[in-house]
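Observations on the model geometry
So the chains spell out like this:
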Amino acid sequence: MELAKKRLCQIFEIEDLSNKSKQLDYVFARMIFVKYFTDMKYSLEKVGRHIGRNHATVLYMRNKYQDEYDYNPYFRMKADKFYGEALFDSAEKETETYF
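For clarity, every value in this text was computed on a predicted model and none was experimentally measured.

1. What about the side chain of threonine 38?
Structurally, threonine 38 is set in helix α2 (residues 24-39). Judged by its relative accessible area of 9%, threonine 38 is buried. Looking at threonine 38, its side chain comes within polar contact range of the side chain of arginine 62, at 2.8 Å. Ignoring anything within four residues of it in the chain, the contact list for threonine 38 reads Leu44, Val47, Val58 and Arg62.

2. Thoughts on the pattern of salt bridges
Oppositely charged side chains are able to pair whenever their charged atoms sit close together. Evaluated as defined, the whole model comprises 4 salt bridges. The salt bridge involving arginine 62 is made with aspartate 39; its shortest N-O contact spans 2.7 Å. Of the two residues, arginine 62 sits in helix α4 (residues 55-71) while aspartate 39 sits in helix α2, which places them 23 residues apart along the sequence. We note a salt bridge from glutamate 68 to lysine 64, for which the minimum N-O separation is 3.9 Å. In this pair, glutamate 68 and lysine 64 are both assigned in helix α4, 4 residues apart and thus about one turn of the helix distant. Accessibility expressed as a relative area gives 16% for glutamate 68, which makes it buried. Residues participating in the shared-partner salt-bridge network are Lys35, Asp39 and Arg62.

3. Focus on α4
Across its 17 residues, α4 extends 25 Å between first and last C-alpha, which sits within 8% of the 24 Å expected from 1.5 Å per residue. At lysine 64, α4 shows its strongest bend, of approximately 35°. Along α4, the residues classified as buried are Val58, Met61, Tyr65 and Glu68. A distance of 3.0 Å separates the backbone nitrogen of alanine 56 from a side-chain oxygen at the start of α4, and that oxygen is part of asparagine 54.

4. Things to note about the nonpolar core
Ranked by internal contacts, the top residues of the largest apolar core, which has 25 residues, are Leu8, Phe12, Leu17, Ile32, Phe33 and Phe82. Those elements giving two or more residues to this core turn out to be α1 (2-12), α2, α3 (44-51), α4 and α5 (73-98). Per element, the largest residue contribution to this core is 9 residues, and it comes from α2. Non-local contacts of leucine 17, meaning those with residues more than four positions away in its chain, are made with Lys5, Leu8, Cys9, Ala29, Arg30, Phe33 and Ile51.

5. Comments concerning the packing of aromatic side chains
Each aromatic ring pair is summarised here by two numbers: the centre-to-centre distance and the angle between the ring planes. Inspection of every chain in the model, using the stated rule, returns 11 aromatic pairs. A centroid spacing of 5.2 Å and a plane angle of 85° characterise the contact between tyrosine 36 and phenylalanine 82, whose relative ring orientation is edge-to-face. Residue tyrosine 36 is located in helix α2, and its partner phenylalanine 82 is located in helix α5; the two are separated by 46 residues in the primary sequence. Taken as a pair, tyrosine 36 and phenylalanine 82 share a single burial class, namely buried. Aromatic side chains phenylalanine 82 and tyrosine 83 sit 5.6 Å apart centroid to centroid with 80° between the ring planes, which places their arrangement in the edge-to-face category.

Definitions and limits used
Residues numbered from 1 in each chain as written. Predicted model: local features only at pLDDT ≥ 70, side-chain atom pairs only at ≥ 80, totals over all residues. Heavy atoms only, no water. Helix = DSSP H or I, 4+ residues; strand = E, 2+ residues; numbered from the N terminus. Buried < 20%, exposed > 50% of the residue type's maximum accessible area, 1.4 Å probe, protein only. Polar contact = N/O pair within 3.5 Å; in protein donor to acceptor, adjacent residues only side chain to side chain. Contact = heavy atoms within 4.5 Å. Salt bridge = Lys/Arg side-chain N within 4 Å of Asp/Glu carboxyl O. Expected span 1.5 Å × (residues − 1). Bend = angle between axes of the 7 residues up to and from the residue. Core = buried A, V, L, I, M, F, W, Y, C linked by side-chain atoms within 4.5 Å. Phe/Tyr/Trp six-rings, centres within 6.5 Å; stacked < 30°, edge-to-face > 60°.

Right, here's the structure in full:
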């Protein structure tokens, strides 16, 4: 989880996902983090602990993700960049385990 947090901070050029800021870059980075880890079946509580939010906020962000992705080109670009790199990194790690 820490690696994903670090990568999102780099993509959005922010300091920390746990920051209480409501600036869009922070909000969007947290939203992508939530979507990524809830899709991987992490609990809402566990994901929330890593970003300093409660389970209800995590659920709200997860539900809001698709609207932002569909209608916000800036958000879509950043999400695609994160997912492209995340998928590449996980494929690279799988390859390393076989050789």
